[in-house]
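Residue-level structure breakdown
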Amino acid sequence: KQWYQRRVRAVTVEKTIGRLPISHVVPLIVAITERIEKKPGRGGELSIWLRQLFISHRSYLISSPDVASQLQPLYKLIEMQLNNYPKLTKLQGKLELLLQEKKSDEEITAPLSPVSLQEEEDDEEDIIESDESDAMSD
């Protein structure tokens, strides 16, 4: 169901951007950039719109000389995100390591259940019995 909703949303975005007049392309990019700056958590959702804008109107964006200066805030936003990515990846790795250590510690210090204790006792009895039978056969 989620895949279908994402696909419907992507088709809706594609059709909407396709009908967008050229004069609204740059202002929409600027508005989306401002929203991402204010609420970075919406970046993933809004990046769908940016992507489609660049796909549908690439020839206009490439051929228009004043577009580059108008898109400076977007360039800065992307660069900032790219600079933060290695730091976030490193932090994620450290967190995963800590969680693994915690999980290992919990497994080591976890009390044995009655079933586990019984299994251990049975295993010990089997070892003792096999040692005794080996000693008798010698």
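Residues numbered from 1 in each chain as written. Predicted model: local features only at pLDDT ≥ 70, side-chain atom pairs only at ≥ 80, totals over all residues. Heavy atoms only, no water.

Observations concerning the overall build of the protein chain
If you tally the helices and strands in the protein chain, you get 7 helices and 0 strands. In the protein chain, which comprises 138 residues, the proportion classed as buried is 15%. Considering only residue pairs separated by 6 or more positions, the protein chain has 65% of its internal contacts joining residues 24 or more positions apart. (Helix = DSSP H or I, 4+ residues; strand = E, 2+ residues; numbered from the N terminus. Buried < 20%, exposed > 50% of the residue type's maximum accessible area, 1.4 Å probe, protein only. Contact = heavy atoms within 4.5 Å.)

Details of the layout of surface pockets
Space inside the largest pocket adds up to approximately 170 Å³. When contributions to the lining of the largest pocket are tallied by element, the ones reaching two or more residues are helix 3 (43–56) and helix 6 (72–109). If one sorts the elements of the lining of the largest pocket by residue count, helix 6 sits on top with 4 residues. Per-class residue counts for the lining of the largest pocket are 6 nonpolar, 3 polar and no charged. (1 Å grid on protein atoms, 1.4 Å probe; cavity = no way out; pocket = protein on both sides within 12 Å on 5 of 7 lines; lining within 4 Å. Points joined across faces, edges and corners; volume = space filled by probe spheres on them. Nonpolar A, V, L, I, M, F, W, Y, C, P; charged D, E, K, R; others polar.)

Considerations on the nonpolar core
Membership of the largest hydrophobic core comes to 16 residues, with the highest contact counts inside it found for Val 25, Ile 29, Ile 32, Ile 36, Leu 50, Leu 53 and Leu 61. Within the residue set of this core, elements represented by two or more residues are helix 1 (2–18), helix 2 (25–38), helix 3 and helix 6. A total of 5 residues in this core trace back to one element, the largest contributor, which is helix 2. Setting aside chain neighbours within four positions, we find Ile 29 in contact with Leu 50, Leu 53, Phe 54, Leu 61, Leu 71 and Leu 74. (Core = buried A, V, L, I, M, F, W, Y, C linked by side-chain atoms within 4.5 Å.)

What to know about the pattern of salt bridges
Counted according to the given criterion, the structure contains 1 salt bridge. The closest approach of N and O atoms between Arg 42 and Glu 45, which form a salt bridge, is 3.5 Å. Residue Arg 42 is classed as partly exposed on the basis of its relative accessible area, which comes to 30%. (Salt bridge = Lys/Arg side-chain N within 4 Å of Asp/Glu carboxyl O.)

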